[in-house]
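Okay, here's what each chain looks like letter by letter:
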Amino acid sequence: MKNKKIQKIIHLKDKRKIACLTSYTTPISRILDRYCDIILVGDSVGTVHYGMKSTREVTLDMIIRHSKSVKLGATKTLVVADMPYKTYQNKFQAFKNASLLLRQTKCDAIKLEGGKKISKIVNYLVKKKIPVMGHIGYLPQHSKNKFSISGKTERAENELLNDAVALENAGVFSVVLECVMPGLARKITKRLKVPTIGIGSSKNCDGQILVIDDMIGLSGFYPKFVKKYSNVKKIIEMSVKKYCVEVRKSKFPSTRNSYK
Ligand code: KIV
């Protein structure tokens, strides 16, 4: 029996699109909790917030700390935590780390990168009552290049479709499709009973996810698939500039900002 939040996500397939974003902190989660269907504590935290070159440097401890912070702000929304690189190399290690992550953070589910190759590990976790979200296509933990689109050849298409089916058979409750060709994203979405969540994979998916810092214009990382909904970087810059001018001119703090 799957938990209610997860069942709700599965039932959204073919009813309405699923809106997901990443979050790494309490204040952002408080906002997302009012609007999103899924919040992901992505290992993108490493590249986005710690200036790491790759998500491979992210540790389980970092994900635990950020997941705790996210859960403080998210009371309603399904929160999924990423399992970092090399924390799920075999089913026993995966179970030990996933249990620790969920026990310490109270997140609802975990996400693993990979298809058929990790399906036995996924199945073991699901049997042990750990809800798992899959992630196929471009895999940041396993790719050296910036971005590459998956499913361009017939062979690659078949492989990715098989990966998706293997994950569904292993028991995932949804699958992230990262940078998958639109036609293949449609095929996978039609084939699976569980929802597909796209990032750079066209609208032919059951839902969408973006990295929050990218879509609010804070990260400075804007591949084609990112839509910048706001320019928070500009707002921060203007505020910082004004503050510095006012401090230097002794305009801040004024009497309004001082105790009597
Ligand atoms: O780590 C992350 O933010 C992700 C999303 C991009 C899907 O895995």
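Refer to the structure above for everything that follows.
An account of the accompanying structure is given in this report.

What counts, and at which threshold
Residues numbered from 1 in each chain as written. Predicted model: local features only at pLDDT ≥ 70, side-chain atom pairs only at ≥ 80, totals over all residues. Heavy atoms only, no water. Near = heavy atom within 4 Å. Polar contact = N/O pair within 3.5 Å; in protein donor to acceptor, adjacent residues only side chain to side chain. Areas by Shrake-Rupley, 256 points an atom, 1.4 Å probe, with all protein chains shown as cover. 1 Å grid on protein atoms, 1.4 Å probe; cavity = no way out; pocket = protein on both sides within 12 Å on 5 of 7 lines; lining within 4 Å. Sits in = over half its atoms within 2 Å of the grid points. Nonpolar A, V, L, I, M, F, W, Y, C, P; charged D, E, K, R; others polar. Pairing = 2+ DSSP bridges. Helix = DSSP H or I, 4+ residues; strand = E, 2+ residues; numbered from the N terminus. Axes fitted to C-alpha atoms, helices over the stretch in contact; angles between N-to-C directions. Contact = heavy atoms within 4.5 Å. Core = buried A, V, L, I, M, F, W, Y, C linked by side-chain atoms within 4.5 Å. Buried < 20%, exposed > 50% of the residue type's maximum accessible area, 1.4 Å probe, protein only. Points joined across faces, edges and corners; volume = space filled by probe spheres on them. Right-handed = clockwise from strand over helix to strand, strands pointing away. Salt bridge = Lys/Arg side-chain N within 4 Å of Asp/Glu carboxyl O.

Okay, the site of the ligand next. With respect to spatial proximity, the complete set of residues near the ligand consists of Thr22, Leu40, Gly42, Asp43, Ser44, Asp82, Lys111, His135, Ile199 and Val211. Here an oxygen atom of the ligand and a side-chain polar atom of lysine 111 are 2.9 Å apart. Computed on the free molecule, the ligand has an accessible area of 260 Å², of which 95% lies beneath the protein chains in the complex. The cavity where the ligand resides is the largest pocket. The class makeup of the residues in the shell around the ligand is 3 nonpolar, 4 polar and 3 charged.

Okay, the sheet that holds strand 4 (residues 109-111) next. The parallel closed barrel is built from 8 strands, whose spatial order is 1-2-3-4-5-6-7-8. Adjacent strand axes in the sheet meet at a mean angle of 25° when their direction is disregarded. Bridging between strand 5 (residues 132-137) and strand 6 (residues 174-178) involves 5 bridges; their strand directions are parallel. When the bridges of strand 6 are listed, isoleucine 136 appears paired with leucine 177. Helix-sheet contacts for helix 1 (residues 4-11) involve strand 1 (18-22), strand 2 (38-41), strand 3 (78-82) and strand 4, and the interaxial angle to strand 3 is about 95°. Where helix 7 (residues 154-170) meets the sheet, it contacts strand 5 and strand 6, and its direction lies at approximately 175° from that of strand 5.

By size, the foremost hydrophobic cluster in this structure holds 55 residues, and its most contacted members are Ile110, Leu112, Leu125 and Ile188. In terms of residue count, the dominant contributor to this core is helix 7 (6 residues). The contact partners of isoleucine 110, leaving out residues within four places of it in the chain, are Val80, Ala81, Met83, Ala98, Leu101, Leu102, Leu125, Ile130, Pro131, Val132 and Met133. Counting 16 residues, the second largest nonpolar core, distinct from the first, contains Cys20, Ile38, Ala109 and Val176.

Gaps between atoms show up when a probe of the same size as a water molecule is rolled over them. Quantified by volume, the largest pocket comes out at close to 770 Å³. Along the walls of the largest pocket sit 35 residues, with Ser44, Thr47, Thr55, Pro140 and Phe147 positioned nearest its centre. For the lining of the largest pocket, the secondary-structure elements that each account for two or more residues are helix 3 (45-49), strand 6, strand 8 (207-210) and helix 9 (212-215). Looking at side-chain class alone, the lining of the largest pocket contains 14 nonpolar, 10 polar and 11 charged residues.

Burial along strand 2 is two-sided: Ile38 and Leu40 facing one way and Ile39 and Val41 facing the other are all buried. This β-α-β element, strand 1 to helix 2 (residues 26-32) to strand 2, shows right-handed connectivity.

Right, let's talk about the pattern of salt bridges for a bit. Opposite charge on two side chains makes pairing possible when the charged atoms of those side chains draw close. Within the structure shown, the criterion is met by 6 salt bridges. When the shortest N-O distance is used, the salt bridge between aspartate 37 and arginine 16 registers 2.9 Å. With aspartate 37 in the loop between helix 2 and strand 2 and arginine 16 in the loop between helix 1 and strand 1, the pair connects residues that are 21 residues apart, well separated along the chain. Look at arginine 16 and you get partly exposed, because its relative accessible area is 42%. We note a salt bridge from aspartate 61 to arginine 65, for which the minimum N-O separation is 3.4 Å. In this pair, aspartate 61 and arginine 65 both sit in helix 4 (residues 60-73), 4 residues apart, roughly one turn of the helix.

Distances and angles like these do not, on their own, reveal function.
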